[in-house]
Amino acid sequence: MKLPRLFHNFGLENPDLIEFLDVAFTLLVISAISWLLYVIAKKYLPRLIRRIAGASRSHWSTWLIDRQFFKRLAGLFVPIILRTGLSAASWHYMWIIDRIIDIWIVVAAGLLVTSLMNGINRVYEHIASVKDKPVKIITQVITVVIWCAIVLIIVSIITHERLTVLLGGMTAFAAVLMLVFKDPILGFVAGIQLSSNNMVRLGDWIVVPDGNADGNVTEIGLTTVKIQNWDQTITTIPTYNLVSQPFTNWRGMEESGGRRIKRSINIDISSIRYLTEQDLATLKASELLNGYITRKLAELERYNAERASHLDKRRLTNIGTFREYLNQWLETNEDLNQEMTHMVRQLQPGPTGLPLEIYCFSARQSWIPYENVQANIFDHVYAVMPLFGLRAFEYAGTVVSEE
């Protein structure tokens, strides 16, 4: 687009000035056209894609639009049109403009690919079969590789050297690059291990003692993992730490259908005794104990018939009957998973009495319902203990007299 006659009519005779004005005028016209196409593409291209996606009942376009994919796609048109329009322009400084536009194209293409990777990540987050996989690590690795390539291409454009020459010279800086990209490399390797071994998924409840993290995994990235703790704080730990350090994943508990209850009550040893006839009559009225007491009394009667000494005879104790009662009561508790282990057992006695441990699995796994089930069990345990003549161990209080 040369207009030398027009500039001659204005009295311009300097060839260099006429050439510069010719390039400037061409650049101005092409820039106006590029800006107009950019505005049109930015405004109408998403609408067109929405209509196409709406007809096919797909939402992938919406997820891409949220990541400014089409805005950056329209932004790529501007330098391409400028480069095409100025290809025929002749000016001895034109190589500077050409290199600037080439760099612009490369950067715009990189931003477009980055938006595409973010959009792909959002798409995978909405696919049920893979939404819990660390797909973001893969997209971030691709993004890092692309931007490394973009940096090399920009250096090649500025220095006017071939990429093969630059790549050959980079071998000397391999150690430095390994140091600079240590965290991304370790994170990429850790991400592959986490995914292949199914160690962590998005939404898993994990506990990382070294990182003071206890909550749900909200994001698995290339270099960091975000965990939302139960107090709503966010803990960020390096991805590689989940491979190099121990942590607890509660997913197995959630998938098992039960959450463990393992708590003891300390029985005052001085309250343990044999059951009297009156105790037996009272406890036998219980549907849970009637069959047990009747069966045990018959068994003990046959055993004791052959024993003359009271020391050799066997009798029912309140602690043993209480333990049997709790076992029967747990088996009828609808809040427990009856397909999983449940028992009441004695632990090693100590200075605080005889620990009687209840071991079972709650069928309700959510935090608040689980705590309610556990509290209801021990509410009942403490309330029913006196009926067996048992007392919970308590330290004797010190009474301070006021003078």
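Up top you'll find the structure we're talking about.
Residues numbered from 1 in each chain as written. Predicted model: local features only at pLDDT ≥ 70, side-chain atom pairs only at ≥ 80, totals over all residues. Heavy atoms only, no water.

### Concerning the packing of aromatic side chains
Where we set the bar: Any Phe, Tyr or Trp ring, taking Trp's six-membered ring, that has another such ring centre within 6.5 Å forms a pair; planes under 30 degrees apart are called stacked, those over 60 apart edge-to-face, and the others tilted. The classification of residues rests on relative accessible area computed with a 1.4 Å probe and restricted to protein chains. Under 20% of the type maximum is buried, over 50% is exposed, and intermediate values are partly exposed. Only when the NZ atom of a Lys or the CZ atom of an Arg is both within 6 Å of the ring centre and within 35 degrees of the ring normal do we say a charge sits over the ring.
Taken as a whole and judged by the stated rule, the model has seven aromatic pairs. Measuring from ring centre to ring centre gives 5.8 Å for tyrosine 359 and phenylalanine 361, while their planes differ by 80°; the resulting arrangement is edge-to-face. By the burial criterion, tyrosine 359 is buried, and phenylalanine 361 matches it. The interplanar angle of 80° and the centroid separation of 5.4 Å between the aromatic rings of phenylalanine 393 and tyrosine 395 together place this pair among those described as edge-to-face. We classify tyrosine 395 as exposed; its relative accessible area is 65%. An aromatic cluster of three or more residues is present, and its members are Trp205, Trp230, Trp250 and Trp367. Over the ring of tyrosine 370 we find arginine 259; its NZ or CZ atom is 4.2 Å from the centre of that ring. Over the face of the ring belonging to phenylalanine 378 we find arginine 263, whose NZ or CZ atom lies 5.3 Å from the ring centre.

### Concerning a nonpolar patch on the surface
Note the threshold: Patch membership requires over 30% relative accessible area and the absence of a salt bridge. Like charges are linked within 9 Å, and nonpolar side chains (Val, Leu, Ile, Met, Phe, Trp, Tyr) within 5 Å. Under the convention used here, a 1.4 Å probe and the Shrake-Rupley method define accessible areas, while residue burial counts only the protein chains that appear. A carboxyl oxygen of Asp or Glu within 4 Å of a side-chain nitrogen of Lys or Arg is what we treat as a salt bridge. Think of it this way: any DSSP run of H or I at least four residues long counts as a helix, any run of E at least two long counts as a strand, and we number them from the N terminus.
Taken together, Ile33, Trp35, Leu36, Leu37, Val39 and Ile40 make up a surface patch of nonpolar side chains, about 550 Å² in accessible area. In this fold, valine 39 is placed in helix H2 (residues 15-55).

### Focus on the pattern of salt bridges
All chains considered together, the criterion is met by nine salt bridges. Between glutamate 299 and lysine 296 there is a salt bridge, and its shortest N-O distance comes to 3.8 Å. In this pair, glutamate 299 and lysine 296 are both assigned in helix H13 (residues 287-304), three residues apart and thus about one turn of the helix distant. By relative accessible area, which is 29% here, glutamate 299 ends up partly exposed. For lysine 296, a relative accessible area of 18% corresponds to the buried category.

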